[in-house]
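Okay, here's what each chain looks like letter by letter:
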Amino acid sequence: MEKRGQWSSRFTFILAAIGSAVGLGNAWRFPGLAAKHGGGTFLVVYLLAMLVMGIPLLMMEIAVSRKFRKGAIESMRGIGKKWEPVGWAATSNAFVIVCYYSVVFAWVILMFINSWQFAGMTGLPAEEKVAKAGGLFDKLTHTTGAVDGTLIPGQVLLCLLIAWGLIFFCIRNGAKSVGKVVKFTVFAPVVLLLIMAIKGCTMPGAMEGVKILFVPDMNAFSDPTLWTDAIGQVFYSLSIMMAIMFAYGSYLGDDADIALDAVIIAFSDMAISVLSGVVMFSTMGGTGMMDKVSASGIGTAFYIYPQAIVNLTDVGWFNAVFGAIFYLMLITLAIDSAFSIVEGISAAVADKFHLKPKSVTITVCAIAGIISILFVSQAGLAWLDIVDNWANSINLILVGILECVAIGWTFKLRKVLYEINKNAKKFKAPYWWFVASVRFIAPVLLAGLFAWNIIHLFFDEGGNYGGYPMWAVICGGWVVSAFVFASGFIAKIIIAKKKKDGFVEDEVVWED
Ligand code: PHE
């Protein structure tokens, strides 16, 4: 067997983890949610959720996988044989996510390539200009918003190919190549965001927008959606429960200071979210689009921001360049999240079956690449919306609950905490905090969030998410979830068969 890849330094690991955590979620999910919930109010609750749930779970995943030196599947098996399916569920859900995350990444590349078009729009009469900019994405992707339509635009397909090419290039040699790439992909978006923040904040009216991000609205605290949104965002943003942090933790050396590293990762992630918020809101304020700031999700980047771009100045080429910078920023933001998720899957599967990591990576990229073509079709956006909702508000949360139960209730948390604090110098994770979080707070909050999502789905929407036809909701939602949670049991059958042919499973033990 090959020797397990390792990070070249502590700094590299931190960068890779930040690169994974900081993604499109920071750029358009965070600002939109913050605006929806009265800015500062959201920040406070977000910080709280980070402290009582996000950071401890991040530490837990890194510590467990560092100890076992295994990806998600084998690490969960190490916790207890019966928990292996949870590792499979995390890995399968990661697979589902990468099938469409790669497409969003491709769309960002598409908009980058087409940002020259903003130049021509700038001189048009006000209404026409905004309509054209806002409609550019639909025009390029032929999106209808409905679940039927089979047209696949060539240009978008090409961008998808570029996206997968880039992803594969970055992870072709596991920790080694990831380590090199993240030195660029983590800092580049920060620099680009700073440039945009400066331009945004120097526009008249910009501060009106930025104020929304920071001034708390005291009445908003009692709104339950504030709490569910904040908890969900912490969870999504840290890239936990996606098999990723297991893979990254498994490449760590024995001397890593997990306690401090996790805190650095979490706060960098938060800082970049806030910086993106400043960019979004100052630009919206400066271009007179304040009524649009609370939109969150894909629409922000593909429909709303283009309108802001053409309203930036009266100079066509300047707006086009600025648009290009914006989409380049999104590319550098998304790429390290996209490849981290493939790495999470590859590491988990390669460890399980003693396969060569590189061949697994190639296979995962090929299969996910083919499936992702579904999402670049005319109906892609609608399907993506459905699958994304189930992957995040059902599967991810269930995996989270199961992981907390497995590690918090059936395993000795003291051992995990020892791993976390083993090399800690300045900051040690306190026992009471860790136990309270993993055993009680995190699973309870997640269960509440899960219940909330289900109630919302059935009572507010009648089970018909987003008003899409029922058959689409079943296929894109429930069937996918069933696959995710059945995957561990299907794998068991395959493994049993392989064992007859002489395959021997690793013993994964926690050596004290
Ligand atoms: N943390 C990422 C973000 O904020 C989420 C993510 C990571 C999604 C990896 C997919 C893969 O965008």
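Above this text sits the structure in question.
What this report covers is the structure whose coordinates are included nearby. (Residues numbered from 1 in each chain as written. Predicted model: local features only at pLDDT ≥ 70, side-chain atom pairs only at ≥ 80, totals over all residues. Heavy atoms only, no water.)

### Let's talk about the site of the ligand
Next, step 1: Neighbouring the ligand are 14 residues, the closest being A21, L24, G25, Y101 and S237.
Next, step 2: In this structure, a nitrogen atom belonging to the ligand sits 3.4 Å away from a main-chain N or O atom of S20.
Next, step 3: Between the ligand and S239 there is a distance of 3.2 Å, counted from a nitrogen atom to a side-chain nitrogen or oxygen.
Next, step 4: Here the ligand, which alone exposes 320 Å², has 100% of that area covered by the protein.
Next, step 5: Elements represented by at least two residues in the shell around the ligand include exactly α1 (10-21), α2 (24-36), α5 (84-113), α12 (224-237) and α16 (316-353).
Next, step 6: The element contributing the most residues to the shell around the ligand is α2, with three residues. (Near = heavy atom within 4 Å. Polar contact = N/O pair within 3.5 Å; in protein donor to acceptor, adjacent residues only side chain to side chain. Areas by Shrake-Rupley, 256 points an atom, 1.4 Å probe, with all protein chains shown as cover. Helix = DSSP H or I, 4+ residues; strand = E, 2+ residues; numbered from the N terminus.)

### Comments concerning the pattern of salt bridges
Next, step 1: A full pass over the atoms with the stated rule returns 17 salt bridges.
Next, step 2: With a closest N to O distance of 3.7 Å, E419 and K67 form a salt bridge. With E419 in helix α19 (residues 413-421) and K67 in helix α3 (residues 40-68), the pair connects residues that are 352 residues apart, well separated along the chain.
Next, step 3: K352 is paired through a salt bridge with E74; the nearest N and O atoms lie 3.1 Å apart. (Salt bridge = Lys/Arg side-chain N within 4 Å of Asp/Glu carboxyl O.)

### Side note on the packing of aromatic side chains
Next, step 1: By the definition in use, this model includes 26 aromatic pairs.
Next, step 2: A centroid spacing of 6.2 Å and a plane angle of 50 degrees characterise the contact between W7 and F13, whose relative ring orientation is tilted.
Next, step 3: Judged by its relative accessible area of 0%, F13 falls in the buried class.
Next, step 4: With a centroid separation of 5.2 Å and 80 degrees between ring planes, the pair formed by F30 and Y46 is classed as edge-to-face. With a gap of 16 residues between them, F30 in helix α2 and Y46 in helix α3 connect regions that are remote in the sequence. In this pair, the class of F30 matches that of Y46, namely buried.
Next, step 5: Through a chain of ring-to-ring contacts, three or more aromatic side chains come together here, namely W28, W107, F137, F302 and Y303.
Next, step 6: Directly above the aromatic system of Y431 lies the positively charged group of R414, at a separation of 3.8 Å from the ring centroid. (Phe/Tyr/Trp six-rings, centres within 6.5 Å; stacked < 30°, edge-to-face > 60°. Buried < 20%, exposed > 50% of the residue type's maximum accessible area, 1.4 Å probe, protein only. Lys NZ or Arg CZ within 6 Å of the ring centre and 35° of its normal.)

### Re helix α4 (residues 72-79)
Next, step 1: The element α4 is extensively covered by neighbouring structure, given that eight of its eight residues are classed as buried.
Next, step 2: Elements in contact with the buried residues of α4: α3, α5, α13 (244-250), α16 and α18 (380-410). (Contact = heavy atoms within 4.5 Å.)

### Notes on the layout of surface pockets
Next, step 1: Counted as a void, the largest pocket has a volume near 1,100 Å³.
Next, step 2: If you go around the largest pocket, you meet 39 residues; those closest to its centre are R29, D229, D388, N389 and Y465.
Next, step 3: When residues of the lining of the largest pocket are traced back to their parent elements, those giving at least two are α2, α5, α12, α18 and α20 (431-460). (1 Å grid on protein atoms, 1.4 Å probe; cavity = no way out; pocket = protein on both sides within 12 Å on 5 of 7 lines; lining within 4 Å. Points joined across faces, edges and corners; volume = space filled by probe spheres on them.)

### Overview of the side chain of T12
Next, step 1: Here T12 lies in helix α1.
Next, step 2: Those residues in contact with T12 that sit more than four places away from it in its chain are W7, G179, V182 and K183.

### Quick word on the packing of α5 against helix α15 (residues 298-310)
Next, step 1: With their axes 11 Å apart at the nearest point, α5 and α15 run at an angle of 15 degrees to one another. In terms of orientation, α5 lies roughly parallel with respect to α15. As for the relative orientation of α5 and α15, their crossing is left-handed in sense. Facing V104, W107, V108 and M111 of α5, the residues of α15 in contact are I298, F302 and P306.
Next, step 2: Among the residues forming the contact of α5 with α15, the class breakdown is seven nonpolar, no polar and no charged. (Axes fitted to C-alpha atoms, helices over the stretch in contact; angles between N-to-C directions. Parallel < 35°, antiparallel > 145°, perpendicular 65-115°, else oblique. Left-handed = near helix turned anticlockwise from the far one by under 90°. Nonpolar A, V, L, I, M, F, W, Y, C, P; charged D, E, K, R; others polar.)

### Remarks on the environment of L33
Next, step 1: Relative to the assigned elements, L33 resides in helix α2.
Next, step 2: Along the sequence, L33 and L226 sit 193 residues apart, while their C-alpha atoms lie 8.4 Å from each other.

These figures come from the coordinates and say nothing about function on their own.
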